[in-house]
Amino acid sequence: MTPDEDNVYEVIIIGGGPAGLTAGLYTSRARLRSLLMEKALVGGQIVNAEQVENFPGFPDGVSGSELGELLHRQATRFGLETLYTEVCGLELQEDRKLVRTAEGDFTARALIIAGGSSRQELGVSGEKEFIGKGVSYCATCDAAFFREQPVAVVGGGDAAITEALHLAKFASGVTVIHRRDQLRASRILQERAFAEPLIDFRWDSVIERIEGKDFVEGAVVRNVKTGAQSMLGVTGVFVSIGFRPDTDYLKGILPLDDIGHIITNEKMETGISGILAAGDIRHNSARQAITAAGDGATAAIYAEKYLTEQ
Ligand SMILES: Cc1cc2nc3c(=O)[nH]c(=O)nc-3n(C[C@H](O)[C@H](O)[C@H](O)COP(=O)(O)OP(=O)(O)OC[C@H]3O[C@@H](n4cnc5c(N)ncnc54)[C@H](O)[C@@H]3O)c2cc1C
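Residues numbered from 1 in each chain as written. Predicted model: local features only at pLDDT ≥ 70, side-chain atom pairs only at ≥ 80, totals over all residues. Heavy atoms only, no water.

**Q** Which parts of the structure should I look at to understand the pairing of strand β14 (residues 229-232)?
**A** Here is the key point about a regular strand: its side chains alternate between the two faces of the sheet. With 4 bridges connecting them, strand β13 (residues 216-223) and β14 associate as antiparallel partners. Bridging across to β14, Arg222 finds its partner in Gln229. Counted between consecutive antiparallel strands, the loop separating β13 from β14 contains 5 residues, among which Gly227 sits at a positive phi close to 80°. (Pairing = 2+ DSSP bridges. Helix = DSSP H or I, 4+ residues; strand = E, 2+ residues; numbered from the N terminus.)

Next comes the structure, spelled out in C-alpha cells:
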C-alpha cells in the first residue's frame, strides 16, 4: 500500500526525547520536510527529572518538563511537524522507508530512530509512587540530591557498581543490594567498590517493597536464601538492573545488540542506507540528555548528507 501524498516526508523521526527533538531541529532548519512521531509526551524521559543541572545553557538548572517543552518549541519553530502516535512497524522499500503507525502508514527517504531506552523496573510496591521522590534510575542525574543521606543501589553489574561508586561521593552510605552472592561487574569496578568504605553489600537479597510518607524512608529487603526480611533505612533507591529499548519492531531489519539497542557507527548510521539512530536507543549510549541531543544533531547532519548525495 502506498501512503497518500500528505504522508510522504523527507525525514521521519521516531521519538520525541532530546535526541529526536534535536534531530528535528536540525532537519527542519535544513528545510527538509520532517515529521516527528511520539507515542507519549514530547520531551522523553527527561520530563521525569525534577531538576536537570547538567544540561549546558541552564546555569541555575531547569525542570525536566520545562526543558522538554523548550526543546520542542525550538524544533517546531523551523517547521518540524509532530504526530502523537506509536510506531509499530517498519518496511524497507526501494529508496523509501515505510513507517507503520496506528494513524496509518507514512514514508520518508531518511529515518532517524530516537525511541530511547528505559531502565528496567523492579516491579515492587512503592517503586512507581516514589519516582522522583527517592526512587531513581540515574545516579549521574540525581546523586547530588542525596548529599549526606543513606541510599541503596539495586543491581550487581557494571552500571550498578559505577552508580554506587558515584553515589559514594555524595551519600553518607551506599548499600548495594544484589540477588546473587557475587557481583557481575568487571573486576576493576569490584576492587574499587570493595575498597570504598562507604559502600556495603546485602548479598542474595532483593527489595520486597519501598516505603515512606511523601518521600522514600526505607526499603524492605528479603534474603532470597533464608527468606528473612529486614528494613533498610534509606532515602534513595537507585535501580540499576538493566535497560529496555523499544525495538521489537526493528528485529531482523536493523543490527541490534543482545538487549535490543541499535548498533551504529560514529555518524549514527545503522548500516542500512538512510536509517540512522540517536540517543539512548543506541548501543553504548552515555544515557544523558546532552549526549542524546548531540547524537540527534549528528544523525540529522548525516541524514541530510545522505539525502543530498542520493
Ligand atoms: C528520572 C530521570 C532523571 C534524569 N535526569 C537526567 C539529568 O539530570 N541529566 C541528564 O543528562 N539526563 C537525565 N536523565 C536521562 C535522560 O532523560 C535521557 O538520557 C534522555 O532523555 C535520552 O534521550 P532520548 O531522546 O535518547 O530518549 P528518551 O528521552 O527516552 O525519548 C524517547 C522517546 O521516544 C518515544 N518512543 C519510543 N518508542 C516509540 C515508538 N515506537 N513510537 C513512538 N514514540 C516512541 C518515547 O515515548 C520517548 O518519549 C534522566 C532520566 C530519568 C528517567
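Picking up where we left off.
**Q** Help me out: how do you make sense of the pattern of salt bridges in this one?
**A** Opposite charge on two side chains permits pairing when their charged atoms draw close. A full pass over the atoms with the stated rule returns 14 salt bridges. In this structure, Arg33 engages Glu81 in a salt bridge whose closest nitrogen and oxygen atoms are separated by 3.7 Å. On the criterion of sequence distance, the pair formed by Arg33 in the loop between α1 (18-29) and β2 (34-38) and Glu81 in strand β3 (residues 81-84) is long-range, its members being 48 residues apart. Take Glu81: its relative accessible area is 30%, and that puts it in the partly exposed class. When the shortest N-O distance is used, the salt bridge between Lys225 and Asp181 registers 3.9 Å. Pair noted here: Lys225 is in the loop between β13 and β14 and Asp181 is in the loop between β10 (173-177) and α5 (187-195), with a separation of 44 residues, a long-range link. We classify Lys225 as exposed; its relative accessible area is 60%. A relative accessible area of 47% places Asp181 in the partly exposed class. Overlapping salt bridges bring together Glu91, Arg100 and Asp105 as one network. (Salt bridge = Lys/Arg side-chain N within 4 Å of Asp/Glu carboxyl O. Buried < 20%, exposed > 50% of the residue type's maximum accessible area, 1.4 Å probe, protein only.)

**Q** Looking at this model, I keep getting lost on the layout of surface pockets. Mind explaining?
**A** Using a probe with the size of a water molecule, rolled over the atoms, empty space left in the structure can be pinpointed. Here the second largest pocket is characterised by a volume of approximately 370 Å³. Surrounding the second largest pocket, 16 residues form its lining, Ala159, Gly242, Phe243, Ile259 and Arg287 being those nearest its centre. Examining the composition of the lining of the second largest pocket, we find that 3 residues originate from one element, helix α4 (residues 158-167), more than from any other. Of the residues belonging to the lining of the second largest pocket, the class tally is 5 nonpolar, 7 polar and 4 charged. Split by domain, the lining of the second largest pocket shows at least three residues from each of two domains, domain 1 (5-118 + 243-309) and domain 2 (121-239). (1 Å grid on protein atoms, 1.4 Å probe; cavity = no way out; pocket = protein on both sides within 12 Å on 5 of 7 lines; lining within 4 Å. Points joined across faces, edges and corners; volume = space filled by probe spheres on them. Nonpolar A, V, L, I, M, F, W, Y, C, P; charged D, E, K, R; others polar. Domains from an automatic or database assignment.)

**Q** So what exactly am I meant to see when it comes to the domain arrangement of the protein here?
**A** The assigned domain composition of the protein is domain 1 (5-118 + 243-309) and domain 2 (121-239). Centre-to-centre, using C-alpha coordinates, domain 1 lies 32 Å away from domain 2. Facing the 5 residues of domain 1 at the interface are 6 residues of domain 2. Taken over both partners, the interface formed by domain 1 and domain 2 buries close to 500 Å², and the fraction arising from carbon and sulfur atoms is 50%. Our enumeration of links across domain 1 and domain 2 arrives at 0 salt bridges. The interface formed by domain 1 and domain 2 contains 0 residue pairs in polar contact (both at pLDDT 80 or more). A per-class count over the side of domain 1 that touches domain 2 returns no nonpolar, 3 polar and 2 charged. (Contact = heavy atoms within 4.5 Å. Buried area = accessible area lost by both parts, 1.4 Å probe. Polar contact = N/O pair within 3.5 Å; in protein donor to acceptor, adjacent residues only side chain to side chain.)

**Q** How do you make sense of the packing of α1 against helix α2 (residues 64-76) when you look at a structure like this?
**A** Pairs of packed helices are described in terms of their axes, by the angle between the two and the distance that separates them. One way to put it is that α1 packs onto α2 with a least axis distance of 8 Å and a crossing angle of 20°. On the basis of their axis angle, the class for α1 and α2 is roughly parallel. Handedness of the α1/α2 crossing: left-handed. The segment α1 lies against α2, with Pro18, Leu21, Gly24, Leu25 and Ser28 engaging Gly68, Leu71, His72, Gln74 and Ala75. Here the residues of the contact of α1 with α2 sort into 5 nonpolar, 5 polar and no charged. (Axes fitted to C-alpha atoms, helices over the stretch in contact; angles between N-to-C directions. Parallel < 35°, antiparallel > 145°, perpendicular 65-115°, else oblique. Left-handed = near helix turned anticlockwise from the far one by under 90°.)

**Q** What should I look at first to understand the site of the ligand in this one?
**A** Around the ligand, 33 residues are found, and the nearest of them are Glu38, Asn54, Cys141, Asp280 and Ala289. Within the contact set of the ligand, an oxygen atom lies 2.9 Å away from a side-chain nitrogen or oxygen of Gln45. Asp246 places a polar side-chain atom, nitrogen or oxygen, 2.9 Å from a nitrogen atom of the ligand. Elements that contribute at least two residues to the shell around the ligand include exactly α1, β2 and α6 (289-309). Looking at side-chain class alone, the shell around the ligand contains 15 nonpolar, 12 polar and 6 charged residues. (Near = heavy atom within 4 Å.)

**Q** Just to check I follow, could you spell out α2 for this structure?
**A** Think of an α-helix as 3.6 residues a turn; residues three or four steps apart then line up on the same face. Helix length check: α2, at 13 residues, gives a terminal C-alpha distance of 18 Å against a target of 18 Å (1.5 Å per residue), a fit within 8%. Taken together, the buried positions of α2 are occupied by Gly64, Leu67, Gly68, Leu71, His72 and Ala75. The buried residues of α2 occupy an angular sector of 130° when projected down its axis, which confines them to one face. (Expected span 1.5 Å × (residues − 1). Arc of directions from axis to C-beta.)

**Q** Sorry, what's going on with the side chain of Thr247 here?
**A** Along the chain, Thr247 falls in the loop between β16 (243-245) and β17 (275-277). Owing to a relative accessible area of 2%, Thr247 belongs among the buried residues under this scheme. Here Thr247 is in contact with Leu256, Gly260, Ile262 and Ile281, once residues within four sequence places are set aside.

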